[in-house]
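Below are the chains, spelled out letter by letter.
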Amino acid sequence: MTKHQGRHFLQIPGPSPVPDRVLRAMDMPVIDHRSSEFSELAKAVFEGSRKIFKTSGPVIIFPSSGTGAWEAAIVNTLSPGDKVLMVETGHFATLWRQMAARWGIEVDFMPGDWRHGAEPAAIEARLAQDSSHAIKAVMVVHNETSTGVTSRVGDIRTAMDKVGHPALLLVDTISSLGSIDYRHDEWKVDVSVSCSQKGFMLPPGLGFNAISEKARAAAKTNKMPRSYWDWEEMLKPNAAGFFPYTPATNLLYGLREAIAMLFEEGLEAVFARHKRLATATRAAVAHWGLEVLCLEPAEYSPVLTAVLMPPGHDADQFRKTVLDNYNMSLGSGLSKLSGKVFRIGHLGECNELTLLGALTGVEMGLSLAGVPHRAGGVAAAMTVLEERTQSNVSAQLKVISN
Ligand SMILES: Cc1ncc(COP(=O)(O)O)c(C=O)c1O
C-alpha cells in the first residue's frame, strides 16, 4: 500500500470527518457514569440534541449504530402482524424494510426507481384507500444516503393529515440531521431515528430516537418483545442524567462539543453551507458531462452527490484509482448501484476549500482512469462558490459605507 503524506480525504457520506475540536473534547479520562459530573454531561447532551431535532420531547441516546436506532423505533411502536407503509427510495429504505419484516411486520413497500424521493401524493392515495386504518406507521428515509435523494417529510405529514390517517410517522434522519433542515415537532414526526457519524461529526457509536407523545403512548401498549431498546427503561434514569447500562461516555463529550459547534455556526448557516457545497458539486458534475443520479431538483441532497459512471466504466475501479493516487475515499454504489455510481460526501466538517480539494481529486481521477469527461469541472464549482463570496463581500462593503 502506498504511504501518503497529509490528511486522508474522507469524502464518503458518513462516517464523516471528525473535527479536531471534537477529537480533543473526547480525549478525556473515562469518568464514573454514576457520578454527578456524568449526570451534568448527560443532561447537557439531551438538551442540546432536542434543539437539533427541534423537539421539546425526549431524545434517547443509545450506545449503538444507526441500525440499532432503527430497531428501537420498530420494537417500541409496532406489534407483530402490524402493517406499515414504506417507500423504496434506495438501499437504506430496503434494509429498513427487511428489518421490519424480520420483526413480523407486514410491509407495503411502494416501488421506486432509486432516483426519486418518497412521493407525498402517492402516500396520500395509499392512505386514503386504507379506510380501516390497518396501516400503523408510515416509515420514510429523509436523506437516502445510497442515492443522494431527499424526501419531503413536511409534505408527507401534510398528505397524512389531509386524509386524516392516524398512522405513526417514523423517519430515518440518519444522514440528514444536523446537515439538512429537520423539524421533529413541527412535522409531527413520531420517531426520528439518527446516529452520530454523519451531521453530528462524531465517530460511529451513538444512536438516537426522538419520540412524540403519541409514539410513547404506542410503546405502552404494543406487543413487541424488547429489553436493551426499551424506551421506558431508558427514560426513567435519563430524567436524572443517567443510563440503565454503561453509556458511551467519551462519545457524549464529543457530542456536547459537536452540538456547541453547530450552534456557534448557527443551524440555518449550517444548512445553507451544505446546500452551497452541493450546488457547487453538481456544477462540477454537469461540467464534466456526467450525470447526477437524483432526477428531481427539489430532491437534490445537500449531504452527498451520487454520480453515474458512463457505460463501460466501473465506479469501483475509478474509486480505487482516486484512493491509490490521491488518498481520498469516495462512497461506493450500494447493492443494485454497485459499480455504477460513486458518491461524493460533502457533509459535516466540510468547507469550500475541502470540497474543491475533493473535486480536484475526482477530476484528476477521471483523467487517470480514462473516464471520458470535459476538463474544468473544478473551475465551474469555484464559480458557484465565488458567487456567494462576492455577495458576502458586497454586503460587508455596504455595511462599511453605511
Ligand atoms: C440513511 C441511512 N440509514 C441507516 C443507516 C445505517 O446506519 P448504521 O450503519 O450506523 O447502522 C445508514 C448508514 O449509512 C444510512 O445512511
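Residues numbered from 1 in each chain as written. Predicted model: local features only at pLDDT ≥ 70, side-chain atom pairs only at ≥ 80, totals over all residues. Heavy atoms only, no water.

A closer look at the overall build of the protein
Just so we agree on the cut-off: Under the scheme used here, helices are H or I runs from DSSP no shorter than 4 residues and strands are E runs no shorter than 2 residues, and both carry numbers assigned from the N terminus. Radius of gyration means the value over C-alpha atoms here, while the globule rule gives 2.2 Å times the residue count to the 0.38 power. Relative accessible area decides the class of each residue, using a 1.4 Å probe on protein chains only: under 20% of the type maximum gives buried, over 50% gives exposed, and in between gives partly exposed. Contacts are assigned to residue pairs that have any heavy atoms within 4.5 Å of one another.
Helix and strand counts for the protein stand at 13 helices and 14 strands. Since a compact globule built from 402 residues should have a radius of gyration of about 21 Å, the 22 Å found for the protein is in line with a globular shape. Referenced to the eigenvectors of the C-alpha coordinate spread, the extents of the protein come out at roughly 60 × 55 × 50 Å. Among the 402 residues that make up the protein, the fraction classed as buried is 57%. In the protein, of all internal contacts separated by at least 6 residues, the share reaching a separation of at least 24 is 74%.

Some points on the site of the ligand
Let me state the cut-off plainly: Being near a molecule or strand, for a residue, comes down to having at least one heavy atom within 4 Å of it. Contacts described as polar in this section are N or O atom pairs within 3.5 Å, which, within protein, must combine one atom able to donate a hydrogen with one able to accept it, while residues neighboring in sequence count only if both atoms come from side chains. Only the protein chains shown count as cover for residues, with accessible areas throughout obtained via the Shrake-Rupley method and a probe of 1.4 Å. Three categories are distinguished: nonpolar for Ala, Val, Leu, Ile, Met, Phe, Trp, Tyr, Cys and Pro, charged for Asp, Glu, Lys and Arg, and polar for the others, with Gly belonging to the last.
Ser65, Gly66, Thr67, Trp70, Phe92, Val141, Asn143, Thr145, Asp172, Ile174, Gln197 and Lys198 make up every residue found near the ligand. Glutamine 197 is positioned such that a nitrogen or oxygen atom in its side chain is 2.8 Å from an oxygen atom of the ligand. One of the side-chain nitrogen or oxygen atoms of lysine 198 is found 2.7 Å away from an oxygen atom of the ligand. Coverage of the ligand by the protein amounts to 85% of the 390 Å² it exposes when considered alone. Looking at which element gives the most residues to the shell around the ligand, the answer is helix α3 (residues 66-77), with three residues. Along the lines of polarity and charge, the residues of the shell around the ligand split into four nonpolar, six polar and two charged.

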